[in-house]
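Chain and residue survey
Listed here are the chains, written in short residue letters.
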Amino acid sequence: MAPVAATAASSTASGSNYAPFLPQGGISHQTDVPEVYADGTGGTLAQIGQMADGSVQQTTINAANGVAGLDENGNASAPVVTGPALNGAPIQSVQIGTDPQKISKVTGQPWLFGGNSTAIFGAYPQPNLPRSPMGYWSGFPVNLVVAGSPSGPYNAGCSLCVFTDAGFQNTTVAELSGEDYTKGKVSPGFDVAALFMSAGTENARLALPVSSYTANTVVLSSALTPAQLLHVKQGMFISTNSLVPGMSSGTIGDANLPVKDYYAGVVKRVSSDSKTITVYGWAALGKTATASDIPSTTSLETYYWKNYTSPYVFIGAPTKMFGRNTVMTFDGNRVGDNGLPSTSSIRQFEGEEIDFNTANTKGTAAKSVSYHGLTFGGNNADPRVLTDESYAILLAGSLPNYLKISDSCGSIAIQSGGYYLPSACIVGAAHSNQAELFEYKGYANSNKMNFGAWLNRESDGANGWTNVSVNLGVNIDGTYGKIGSSGAKLPYLSWNNSQGALSIRSPIGEDVLTITASGGMIIPWGTPSSSTAPCKPGQKQMDADYTYSCVAPDTWRRASNGTTW
């Protein structure tokens, strides 16, 4: 027999594509293997090896350091875990940034919910119970955590910035410390916010000229471009500028605005040629569409769409903007009140709570921290444009109480430019100790006209009501919240300065007229200096001997009181 090497080197398989074997039984990397691919084509051994290097082995699917498998719908058949780890266990979230200087004493890991510009989407998962088929640390995220470290102006000043107007997108900035720092301007306050929200006059996504209408379609004057088609979705608002017959007059409730007198609908689909938009029906806002509701191309609305003189539709055009809208619902079915098995124990609802706490204040100076709970402000440069029923706070609905203020002595319950309501404090026992009840403030040019009520301790003595008067009057100027003891007083009413009596008192606190608890009237005690002493007609005084009556300006007459009963 010929040597193997010689045979291998000199012979080929007749009619085949096999390359010659190398000496000692080796196979060349250029050896071609026929029909190795699914389409029937062949490949060299080198090509087959390269495919193997990039292939996924069955043993790596859904395994650690492997790949996730897909089911028949193309969905991952096992949870895909991304993000940081806690004690070596992955947390299902997307995280940007941690603070390596903040190490948890419990886990030994960087603190995940703080640090430099940290944002976590998906949040900390609730772990599964032991023996869960998905593993202890594969619990589904149950909330969303956005943790940030605001440290600059504009959008760098909020942990979460929310804008509703998609028309501005990347050009929108949060109004936080909003100064042009690129020109060296330092803002008056370095303000940041955990949550910043901006809502305003949002544009329609598209304004499109119209060719014609049917009861449930609009034919556009020209087909939507691919870029325009991206803005049209099923379920979007679509408004016309076509007038609804019979709705050209009237107003919207207390706002006194013209009714929205145009046809509108909701997008259902767009035709294959991108020229016809089908809606679920046309109707005036708040109405139900009928077959006879067909928008006109000639009778056009002239208030809301006044600058459009030909028929148009507006895609995604809202009519009212909420900065925030919170809806909470009590469902009697879920707590068992309607006979169904109870699956909830929620019977307390708090619409919103804002707490402010102080801590570690030893050494903190008095009056050195400012706190504002809610502020309704803005820059309304032209109040003329607002409707008369515009308001900052509306208390509406059907509740037992609409406003409850739980304050402490020394607090101010309500204070505005024209009204002051202090907390209800106890009047002290010392003479002339006062406590204000309320105060209204008006202006006469530059003078303050303060009208209000206050309590006054009439004399030193025991606690209680017997020597405390209730006073109602006016003072001029003076200190806000000190109506009983500052400013220039005018005559005022006083209850109980003599026990059970009602008095009209002079600015210096003398009784001008008193009605006793039994209904008797007490004439002020005193003696005019002469028959021509200053007086006004009707004025009276008396002493032990006479009753004095002013019958004309600066003219007194007297009558004897007699000497016996």
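Heads up: the structure comes first, above all this text.
All values reported here derive from a predicted model rather than from experimental measurement.

**Thoughts on the pattern of salt bridges**
All chains considered together, the criterion is met by six salt bridges. For the salt bridge of Asp337 with Arg347, the shortest nitrogen-to-oxygen distance reads 2.7 Å. Highlighted residues: Asp337 in the loop between strand E17 (312-315) and strand E18 (412-415) and Arg347 in the loop between E17 and E18, separated in sequence by 10 residues. Put simply, Glu458 and Arg505 hold a salt bridge, and the shortest N to O gap is 3.6 Å.

**Focus: the nonpolar core**
Val218, Ile238, Val313 and Ile315 are the most contacted members of the largest nonpolar core, which has 21 residues in total. Mapped by element, the contributors of at least two residues to this core are strand E9 (206-213), strand E10 (217-220), strand E14 (262-270), strand E15 (276-279) and E17. Broken down by element, the residue count for this core peaks at four residues, all from E9. Setting aside residues up to four positions removed in sequence, Val218 forms contacts with Val210, Ser212, Tyr213, Ile238, Lys275, Thr276, Ile277, Trp282 and Val313.

**Concerning the state of the cysteines**
Inspection of every chain in the model, using the stated rule, returns three disulfides. The disulfide that involves Cys409 links it to Cys425, with 2.0 Å between the sulfurs. With the S-S bond torsion at 125°, the cross-link from Cys409 to Cys425 turns out right-handed. Within this pair, whereas Cys409 is found in the loop between E17 and E18, its partner Cys425 is found in the loop between strand E19 (419-422) and strand E20 (434-444), the two being separated by 16 residues in sequence. The exposed category is assigned to Cys409, whose relative accessible area is 58%. Residue classification places Cys425 among the partly exposed positions, given a relative accessible area of 24%. The partner cysteine of Cys535 in its disulfide is Cys550, sulfur to sulfur 2.0 Å. Of note, the bridge from Cys535 to Cys550 carries an S-S torsion of about 70° and is right-handed in sense.

**A look at the side chain of Thr278**
Along the chain, Thr278 falls in strand E15. What Thr278 contacts, discounting residues up to four positions off in sequence, is Asn216, Thr217, Val266, Val267, Lys268 and Arg269.

**A few points about the packing of aromatic side chains**
The tally for this structure, following the rule as stated, stands at 18 aromatic pairs. Seen in terms of ring centroids, Phe163 and Phe196 are 6.0 Å apart; in terms of plane orientation they differ by 55°. Their pairing is tilted. One end of the pair, Phe163, is in strand E7 (residues 158-163); the other, Phe196, is in strand E8 (residues 193-198), with 33 residues separating them in the sequence. For the ring pair Trp454 and Tyr492, a centre distance of 5.5 Å and an interplane angle of 50° mean the geometry is tilted. Within this pair, whereas Trp454 is found in strand E21 (residues 447-457), its partner Tyr492 is found in strand E24 (residues 492-495), the two being separated by 38 residues in sequence. Summarising the burial analysis for this pair, Trp454 and Tyr492 share the class buried. The ring centre of Tyr480 lies 4.1 Å from the NZ or CZ of Lys441, which sits over that ring. Over the aromatic face of Tyr546 sits the side chain of Arg558, whose NZ or CZ is 4.0 Å from the ring centroid.

Analysis parameters
- Residues numbered from 1 in each chain as written.
- Predicted model: local features only at pLDDT ≥ 70, side-chain atom pairs only at ≥ 80, totals over all residues.
- Heavy atoms only, no water.
- Salt bridge = Lys/Arg side-chain N within 4 Å of Asp/Glu carboxyl O.
- Helix = DSSP H or I, 4+ residues; strand = E, 2+ residues; numbered from the N terminus.
- Core = buried A, V, L, I, M, F, W, Y, C linked by side-chain atoms within 4.5 Å.
- Buried < 20%, exposed > 50% of the residue type's maximum accessible area, 1.4 Å probe, protein only.
- Contact = heavy atoms within 4.5 Å.
- Disulfide = S-S within 2.5 Å.
- Phe/Tyr/Trp six-rings, centres within 6.5 Å; stacked < 30°, edge-to-face > 60°.
- Lys NZ or Arg CZ within 6 Å of the ring centre and 35° of its normal.

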